[in-house]
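# Observations on the model geometry
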Amino acid sequence: MSETETTHTASAARPVVVEDDSPAGIPRAREVARTFADNLAPAPAAETAETLALVVSELATNALRHGGGRYRMRLHADQDTLHVAMSDPNPTPPRERTPDLNGGTGGFGWHMVRRLTSNIAITHGPGRGKTLHAALPR
């Protein structure tokens, strides 16, 4: 390679793990996700970082509301993909429900996560709980 040639490869950042059991953990999880994306080399587009933060926010909210009141989030990235693993103690998988347009009881989160991610899978564990694995194009 000559002095004028450069290579552009995405680095894989160290995984980040966050655990929380309070509603205050939701904005913290969003901020951790944004910071994680911003520290990647090269950093994904700002829109991608915001999409990651939104997916993390929805998954953390669902874990707190429906998953047993606590979560463990793991973020990692490879050259092409941003990965989120959100674990909670409830083994019941998320379910689709009709969004409540008038009463404010929600129903939008799981639809949103499925729409914003390129892939989502659910596995059993840790323990009796479940882990949602979401992938977003980098």
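Look a little higher up for the structure.
In this report, the structure presented in the accompanying data block is examined. (Residues numbered from 1 in each chain as written. Predicted model: local features only at pLDDT ≥ 70, side-chain atom pairs only at ≥ 80, totals over all residues. Heavy atoms only, no water.)

### What to know about the nonpolar core
We count it as follows: Grouping buried Ala, Val, Leu, Ile, Met, Phe, Trp, Tyr and Cys residues that are joined through side-chain atoms within 4.5 Å yields what is termed a nonpolar core. For the exposure calls, accessible area comes from a 1.4 Å probe over protein chains only, and a residue counts as buried if that area is under 20% of its type's maximum, exposed if over 50%, partly exposed in between. Put simply, DSSP H or I for four residues or longer makes a helix, DSSP E for two residues or longer makes a strand, and each gets a number counted from the N terminus. Here, two residues are considered to be in contact whenever any of their heavy atoms come within 4.5 Å of each other.
Judged by nonpolar contacts, the single largest core of 27 residues is most densely connected at Leu52, Val56, Leu59, Tyr71, Met73, Leu75 and Val84. Elements represented by at least two residues in this core include exactly helix 1 (25-38), helix 2 (46-66), strand 2 (71-77), strand 3 (81-88), helix 3 (109-116) and strand 5 (130-137). When residues of this core are assigned to their parent elements, the largest contribution, 8 residues, is made by helix 2. If sequence neighbours within four positions are ignored, Tyr71 has contacts with Val18, Glu19, Asp20, Gly25, Ile26, Ala29, Ala60, Ala63, Leu64, Met86 and Ser87.

### Details of the sheet that holds strand 1 (residues 16-20)
To be explicit about the condition: DSSP calls a pair of strands paired once it identifies at least 2 bridges connecting them. Axes here mean lines fitted to C-alpha atoms, for a helix over just the part in contact, with angles spanning 0 to 180 degrees between N-to-C directions.
Reading across from one edge, 1-2-3-5-4 is the order of the 5 strands in this open sheet, with antiparallel pairing throughout. Each end of this open sheet is capped by a strand with a single partner; those strands are strand 1 and strand 4 (119-124). Averaged over all pairs of adjacent strands, the angle between strand axes in this sheet comes to 15 degrees, irrespective of strand direction. Note that strand 1 and strand 2 share 5 bridges and pair antiparallel. Paired with Asp20 across the strands is Tyr71, a residue of strand 2. Against the sheet, helix 1 touches strand 1 and strand 2, its axis set at about 10 degrees to strand 2. In the packing of helix 3 onto the sheet, the strands contacted are strand 4 and strand 5, and the crossing angle to strand 4 comes to about 120 degrees.

### A short note on the pairing of strand 5
Counting buried positions along strand 5 gives 6 out of 8 residues, so the element sits mostly inside the fold. Alignment of strand 3 against strand 5, held across 8 bridges, turns out to be antiparallel. Its bridge partner being in strand 5, Thr81 is matched across the sheet by Pro137. Inspection of the sheet shows strand 4 paired to strand 5 by 6 bridges, in the antiparallel sense. Pairing of Thr123 across the sheet is with Thr131, part of strand 5.

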